[in-house]
Each structure stands twice: as structure tokens, then as C-alpha cells.
Amino acid sequence: MELRQIRYVLAVAEERSFSRAANRLHLAQPSLSQQIAKLEKLLGVSLFHRLPQHVELTDAGQRFVQVAQTLVDMSEGLEREMRAYAVGESGKLLVGSLPITGAYVLPRVISAFTQQFPGVELQLIEDTSSHLEQLLVRGKIDVSLLTMPISDPSLEIIPAINEDIFLALPPQHPLADREEIDLAEVADQPFILLKEGQGFRTISLRLCEQAGFRPRIVFESSNIQTVQSLVAAGMGLSFAPKMIALAPGTVAPPAYVRLTSKPYRTLVVAYRKDRPLSRPGEAFVQNLVEQGAHI
């Protein structure tokens, strides 16, 4: 059994189609089918139910994929580690970034990193915290900036930034001039939050829960800057981390008021425990933590 055959099975299982898997693997479909048939003959089991419109894994196929993914992950991890030993300061570093937060945190980190490792290709993947966590666990990225809480125990987590959270109100709101607000005072008012899957939405809901209420959500957005603009337009209330409150990026920003509970969010840099970072990866993590100390 060859590693390439294992990769072929995983591709067909993910695509649920020999033709789509062949296109993805840049192979001719007959060649892919022959390789998998050869593997099935070697193993003595069928891995796929071949249906008219798609394929499905057999029971044996499901078990094969479960173990095969671990083998491929281990193989890729070993290759990555050996490559780091071999090339030292060259190669590629895949970094997960929260779209808005990364724009405030990463520029100085990247500048320092590229000066230190000019031969390393740095590639940024922007997504929500939950999706970045999944990519990290699956080994699709090397290191990522994430928002706590993090649920997967396979990740090594290093705190990078503790950031105050403010209540965002329309500038004309009766409480906008207050120095501090007890969140329970606005329990009956409309809120604008980020969409599901974003770490700051989870934090926002938790703050409301701790204040004893469930927020009445009237608008949702995938972009925190859009949320701030809607608040500024008087459509509702929301929350904002310090870096957004200091540089909101809207023509007429909301009013940002401290909460009496003094909430904050924790941003961490994370990587897989079973995949040691290369020297450039370790340097990137160190630079990010050092930069976070100044925010």
C-alpha cells in the first residue's frame, strides 16, 4: 500500500466522485479508478459503493479514511519538520488571521518577520476564529491568531493580547456621555452582532448572559466595521474591542463607553502540539506575542 494511493482514497471520499477527485489530483479518471481498484484488491475489501451519480464509503472505507487521514497528517508533519531542519530559513509559513484584528496586529509583525527571514514565503489565510481553528487542527495552516475560547485540546495556545471590550452606542443615545455603563441597564434595547462562527459574537453573547439577559438581535453582519457603522446610524447597540474603538474606520463612529464589569477578550496564537514549529514559525509566534504586549 502506497501513500499516494491513500491520498487518492481520501480525495475520492471528500469529493464523493471519481471524476472530481481526478480533476483535483490532476490525474486521468481511468488511472485513478485503476489505482483504487488495485488497492481494494490488495486489501480484500471494497472501499466505495459506486452509485450512478456519486460514490459513498463502505463501512470498511469509513474506517480506512479515519486511519488514513491520521497517516497522511503524520507524513505531512514529518515532511514539514524534516524540511525545516534541512532548509532552515527557507520554505513557507501558512498563518491564519482574523480579518479585522489581523489588520491591526499583523503589519508590524510581518514587517519584522520578512526582514528576519527574507527567504521564507509568508501566506495569510483570513477567516473566522472557528474556521481557522478547524484549519489548524486539520493541518492546513501552521500557526494562527485566534480568539478564546479554544475547544480543541490538540492545540498549543500562547496568550498574545488581552484587550478591553467597550459598549458601542449611537452618538445620540442618552447614555452615550456616561463614563461607565452597567450592561444590565440596556438589556431591553436592540443589539447588532457578528454572525455565527465568529469568536467575538460568542464573547458578546456571553457578556449579555453574565448581565442576566439574552440580547434582542436586530441585525447581524460578518464584518465588525459594518456592525459599528450600523450602531453609529442608530440601528442598535453592540460591542467593540479596544483596537476597533480606537480606530473605528467609520465616518461617524459610535460612542464607546466602558462597562462596569471591565470585560476583555483574549487573543492567542496557536499551533498543533504534534507539529513542532519551524524556526521561522517560532520567530513569528515570538514577534506576535511581543507585538501584542504593546496593544
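None of these values were measured; they are calculated from a predicted model.

(A) A look at the side chain of T266. Along the chain, the position of T266 falls in strand 12 (residues 264–272). With a relative accessible area of 18%, T266 lands in the buried category. Of note is the side chain of T266, whose polar atom sits 2.8 Å from the side chain of N162. For T266, the contacting residues outside a window of four places in its chain are L146, T147, M148, I161 and N162.

(B) Helix 6 (residues 129–137), seen in detail. If you check which residues of helix 6 are buried, you get S129, L132, E133, L135 and L136. Around the axis of helix 6, the buried residues are gathered within 160 degrees of arc, so they sit on the same side. The inward-facing, buried residues of helix 6 contact strand 3 (91–97), strand 4 (120–126), strand 5 (143–147), strand 6 (155–169), helix 7 (199–210) and strand 12. Of the residues trailing helix 6, G139 is marked for its positive phi of about 80 degrees.

(C) Representation of the pattern of salt bridges in the model. For the structure shown, the criterion picks out 16 salt bridges. With its nearest N and O atoms 3.9 Å apart, the salt bridge here joins D73 to R275. Pair noted here: D73 is in helix 4 (residues 59–87) and R275 is in the loop between strand 12 and helix 10 (279–292), with a separation of 202 residues, a long-range link. Accessibility classification places D73 together with R275 in one group, the buried group. In this structure, E196 and R201 form a salt bridge, with 3.3 Å as the shortest nitrogen-oxygen distance. In this structure, a network of salt bridges that share partners links the residues R7, D73, E76 and R275.

(D) Summary view of the pairing of strand 5. Within strand 5, five of the five residues are buried, which leaves the element mostly enclosed by the surrounding structure. Burial along strand 5 is two-sided: V143, L145 and T147 and S144 and L146, pointing in opposite directions, are all buried. Sheet topology note: the strand 3/strand 5 ladder contains two bridges and is parallel. Looking at strand 5, one finds that G96 is bridged to S144. Sheet topology note: the strand 5/strand 12 ladder contains four bridges and is antiparallel. Bridging from a neighbouring strand, S144 pairs with A270 of strand 12.

(E) The side chain of S75, seen in detail. One can find S75 in helix 4. Its relative accessible area of 18% is what places S75 among the buried residues. Contacts of S75, omitting those with residues within four sequence positions, involve L3 and R7.

(F) Region of interest: the packing of helix 2 (residues 18–25) against helix 3 (residues 29–43). Close contact between helix 2 and helix 3 brings their axes to 9 Å; oriented N to C, the two are set at 105 degrees. In terms of their interaxial angle, helix 2 and helix 3 are classed as roughly perpendicular. Counting all contacts with helix 2, which are made through F18, S19, A21, A22 and L25, the residues of helix 3 involved are Q29, L32, S33 and I36. Residues belonging to the contact of helix 2 with helix 3 are distributed by class as follows: six nonpolar, three polar and no charged.

(G) Summary view of the environment of Q123. Structurally, the position occupied by Q123 is in strand 4. Note on Q123: relative accessible area 32%, which makes it partly exposed. Considering only alpha carbons, one finds Q123 and K92, 31 residues apart in sequence, at a separation of 7.3 Å. Those residues in contact with Q123 that lie beyond four places of it in its chain are K92, L93, L94 and V95.

About the cut-offs
- Residues numbered from 1 in each chain as written.
- Predicted model: local features only at pLDDT ≥ 70, side-chain atom pairs only at ≥ 80, totals over all residues.
- Heavy atoms only, no water.
- Helix = DSSP H or I, 4+ residues; strand = E, 2+ residues; numbered from the N terminus.
- Buried < 20%, exposed > 50% of the residue type's maximum accessible area, 1.4 Å probe, protein only.
- Polar contact = N/O pair within 3.5 Å; in protein donor to acceptor, adjacent residues only side chain to side chain.
- Contact = heavy atoms within 4.5 Å.
- Arc of directions from axis to C-beta.
- Salt bridge = Lys/Arg side-chain N within 4 Å of Asp/Glu carboxyl O.
- Pairing = 2+ DSSP bridges.
- Axes fitted to C-alpha atoms, helices over the stretch in contact; angles between N-to-C directions.
- Parallel < 35°, antiparallel > 145°, perpendicular 65-115°, else oblique.
- Nonpolar A, V, L, I, M, F, W, Y, C, P; charged D, E, K, R; others polar.

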